[in-house]
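Chain by chain, the residues run as shown.
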Amino acid sequence: MTNRKSIEIICPACGKESLLVRRPVYDGLKRTGETLHCAACGHAFASEEEVPYKEARSVSLFTEEDRSSTPRVFDESEHRRLCRHCANYIVNPFTQWCAVHKKEVEATDSCDRFEEKKEDEPPI
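Attention here is on the structure that accompanies the text. (Residues numbered from 1 in each chain as written. Predicted model: local features only at pLDDT ≥ 70, side-chain atom pairs only at ≥ 80, totals over all residues. Heavy atoms only, no water.)

Concerning the overall build of the protein chain
Next, step 1: Along its length, the protein chain carries zero helices and seven strands.
Next, step 2: Its helices and strands taken in sequence order, the protein chain reads β-β-β-β-β-β-β from the N to the C terminus.
Next, step 3: Considering only intrachain contacts with a sequence separation of at least 6, the fraction spanning at least 24 residues in the protein chain is 44%.
Next, step 4: Element-wise, carbon and sulfur atoms account for 52% of the exposed surface of the protein chain, whose accessible area totals about 10,200 Å². (Helix = DSSP H or I, 4+ residues; strand = E, 2+ residues; numbered from the N terminus. Contact = heavy atoms within 4.5 Å. Areas by Shrake-Rupley, 256 points an atom, 1.4 Å probe, with all protein chains shown as cover.)

A word on the environment of E55
Next, step 1: When you line up the elements, E55 lands in the loop between strand 4 (44–45) and strand 5 (89–91).
Next, step 2: By relative accessible area, which is 66% here, E55 ends up exposed.
Next, step 3: Residues E55 and I7 lie 48 residues apart in sequence; the distance between their C-alpha atoms is 9.9 Å. (Buried < 20%, exposed > 50% of the residue type's maximum accessible area, 1.4 Å probe, protein only.)

As for the pairing of strand 2 (residues 17–27)
Next, step 1: Where strand 1 (residues 8–10) lies against strand 2, three bridges are found, and the strand directions are antiparallel. Following the sheet pairing, E8 is matched in strand 2 by L19.
Next, step 2: Two successive antiparallel strands, strand 1 and strand 2, enclose a turn made up of six residues, where G15 displays a positive phi of approximately 80 degrees.
Next, step 3: In terms of strand pairing, strand 2 meets strand 3 (residues 30–38) through eight bridges, oriented antiparallel. Each residue of the ladder has a partner; that of L20, found in strand 3, is C38.
Next, step 4: Turn length for the strand 2-strand 3 hairpin, with the two strands adjacent in sequence and antiparallel, is two residues, and the turn residue G28 shows positive phi of about 75 degrees. (Pairing = 2+ DSSP bridges.)

Considerations on the sheet that holds strand 1
Next, step 1: Overall, antiparallel pairing links the four strands, which are arranged 1-2-3-4 in an open sheet. Two strands close off the open sheet at either side, each with one partner strand: strand 1 and strand 4.
Next, step 2: Where strand 3 lies against strand 4, two bridges are found, and the strand directions are antiparallel. Paired with L36 across the two strands is F45, which belongs to strand 4.

Focus: the sheet that holds strand 5
Next, step 1: In space, the three strands of this open sheet follow the order 5-6-7, with antiparallel pairing throughout. Each end of this open sheet is capped by a strand with a single partner; those strands are strand 5 and strand 7 (103–104).
Next, step 2: Relative to strand 6 (residues 96–98), strand 5 runs antiparallel, the two sharing three bridges. Each residue of the ladder has a partner; that of V91, found in strand 6, is Q96.

Side note on the environment of E119
Next, step 1: Looking at the secondary structure, you find E119 in the segment after strand 7.
Next, step 2: Overall, E119 belongs to the exposed group, its relative accessible area being 70%.
Next, step 3: Sequence spacing of E119 and H85 is 34 residues, and the spatial spacing of their C-alpha atoms is 9.6 Å.

Section: the pattern of salt bridges
Next, step 1: Summed over all chains, the structure comprises five salt bridges.
Next, step 2: Of the charged contacts in the structure, one is a salt bridge between E17 and K54, with a shortest N-O distance of 2.8 Å. With E17 in strand 2 and K54 in the loop between strand 4 and strand 5, this residue pair connects regions lying 37 residues apart in the sequence.
Next, step 3: The partner of R31 in a salt bridge is E34, with the nearest N and O atoms 3.1 Å apart.
Next, step 4: Classification of E34 by relative accessible area gives partly exposed; the value is 22%.
Next, step 5: Counted as one network, the salt bridges with shared partners bring together R22, R31, E34 and E48. (Salt bridge = Lys/Arg side-chain N within 4 Å of Asp/Glu carboxyl O.)

In short, shape yes, function no, at least from these values alone.
Here is the structure:
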């Protein structure tokens, strides 16, 4: 079996652009190989090398000059101000809690009273 991306062929028997069909061959319950056929007319190919694959063309409307650079939507330090990085963020199996506001929060929430958790500090 091959890892070719294109399964489009130009069949030499019928002359049509078609798809390649792979049919498994079994010996009892054990798969022993596969046969290759044209989907349009059923023409069988003897081997993978005999299959006339259609050339894959890449179509691109834009060139590299047309593409913009990768946008930077967030500041690098902005994601560090989330509740999950806060020293007052408490997690247990049933809820996530803010010790400052005394309310349930999500890990992706943020507030103006953020206190950065020390790296060596264990979670509360």
